[in-house]
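What the coordinates show
Spelled out, the chains give:
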Amino acid sequence: DAGVIQSPRHEVTEMGQEVTLRCKPISGHDYLFWYRQTMMRGLELLIYFNNNVPIDDSGMPEDRFSAKMPNASFSTLKIQPSEPRDSAVYFCASSLDQGGYYGYTFGSGTRLTVV
Amino acid sequence: AQSVTQLGSHVSVSEGALVLLRCNYSSSVPPYLFWYVQYPNQGLQLLLKYTTGATLVKGINGFEAEFKKSETSFHLTKPSAHMSDAAEYFCAVSEGTGNQFYFGTGTSLTVIP
């Protein structure tokens, strides 16, 4: 198993541009989570999906953020337009359950820099 | 409501010394408790977890943690620190399958040679 795969690893973009982050979860994991990590705010849950359906997006900071999961093997997190304050590391994680009994498997993250 | 408190955002220990990272939680029901480790430029990795049963749980790399209900604690320990233990450690709690998962703010461990 290749684990949770995120791309790109690093993204540098100019303010106002659209950014798309990608995630491939572990096959068979019904839950997919998007987290954002910053020094100031730590780890924040942005949104999570169960069986490709968004369940809770209350952590999405603004309408500029959107996430989709068109199928069980792919999810995207889009920021449009991007702003410097969106600079952070974005992690995708997948799991067999929400409560963590089986553990969450994290990807290596995408480090986003908006200049 | 659940919450997790990690005392000490930064901990420094000498190589070979005891590692103790503190975690306290609040939960209205018996919790699931976890420790995750994040090495530089990597994602989080499950170190160990408590769900039911034995309150002393052992994880990878010689770490262990003990669930103490009376103290609402789940402190992480390792008898002898190694340079490779330098990382960020996150405590997390959930109220079981089907419930949301909450991370603490993390503790950065530095190991001094």
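Thresholds applied
Residues numbered from 1 in each chain as written. Chains lettered and ligands numbered in written order. Predicted model: local features only at pLDDT ≥ 70, side-chain atom pairs only at ≥ 80, totals over all residues. Heavy atoms only, no water. Helix = DSSP H or I, 4+ residues; strand = E, 2+ residues; numbered from the N terminus. Rg over C-alpha atoms; globule rule 2.2 N^0.38 Å. Buried < 20%, exposed > 50% of the residue type's maximum accessible area, 1.4 Å probe, protein only. Contact = heavy atoms within 4.5 Å. Areas by Shrake-Rupley, 256 points an atom, 1.4 Å probe, with all protein chains shown as cover. Pairing = 2+ DSSP bridges. Axes fitted to C-alpha atoms, helices over the stretch in contact; angles between N-to-C directions. Disulfide = S-S within 2.5 Å. Buried area = accessible area lost by both parts, 1.4 Å probe. Salt bridge = Lys/Arg side-chain N within 4 Å of Asp/Glu carboxyl O. Polar contact = N/O pair within 3.5 Å; in protein donor to acceptor, adjacent residues only side chain to side chain. Nonpolar A, V, L, I, M, F, W, Y, C, P; charged D, E, K, R; others polar.

This part takes up the overall build of chain B. Helix and strand content of chain B: zero helices and twelve strands. Across chain B, helices and strands are ordered from the amino to the carboxyl terminus as β-β-β-β-β-β-β-β-β-β-β-β. At 13 Å, chain B has a C-alpha radius of gyration in line with the 13 Å of a compact globule built from 113 residues. By principal-axis analysis of the C-alpha atoms, chain B measures approximately 40 × 30 × 20 Å. The burial tally for chain B puts 46% of its 113 residues in the buried class. Considering only intrachain contacts with a sequence separation of at least 6, the fraction spanning at least 24 residues in chain B is 56%. For chain B, the accessible area works out to roughly 5,300 Å², and carbon and sulfur atoms hold 53% of it.

This brings us to the sheet that holds strand E8 (residues 74–79) of chain A. Each strand in a sheet pairs with another by means of backbone hydrogen bonds, the pair being arranged parallel or else antiparallel. Residues and elements named next belong to chain A. Strand order in this open sheet of four strands is E1-E3-E8-E7, and the pairing throughout is antiparallel. With partners counted over all chains shown, the strands left at the sheet margins are strand E1 (5–7) and strand E7 (65–71), one partner each. The sheet shows a mean angle of 15° between the axes of neighbouring strands, direction not considered. Strand direction decides the pairing type here: strand E3 (residues 19–24) and E8, joined by five bridges, are antiparallel. Each residue of the ladder has a partner; that of Arg 22, found in E8, is Thr 76.

All names here are of chain B. Inspection of the entire model under this criterion finds two disulfides over all chains. Covalent S-S linkage joins Cys 23 and Cys 91, the inter-sulfur distance amounting to 1.9 Å. Given an S-S torsion of about -65°, the disulfide between Cys 23 and Cys 91 has left-handed geometry. Of this pair, Cys 23 sits in the loop between strand E3 (19–21) and strand E4 (24–26) while Cys 91 sits in strand E10 (residues 87–94), and the two are 68 residues apart along the sequence.

Turning our eyes to something else, we now look at the interface of chain A and chain B. Contacts between chain A and chain B engage 19 residues on the former and 20 residues on the latter. Contact between chain A and chain B buries roughly 1,500 Å² in total, counting both sides, with carbon and sulfur atoms accounting for 53%. Counting the contacts that link chain A with chain B gives zero salt bridges. Remark: the boundary between chain A and chain B carries four residue pairs in polar contact (both at pLDDT 80 or more). Mapped onto the side of chain A that touches chain B, the elements with two or more residues apiece are strand E4 (31–38) and strand E5 (42–50) of chain A. Tallied by class, the residues present in the side of chain A that touches chain B amount to eight nonpolar, seven polar and four charged.

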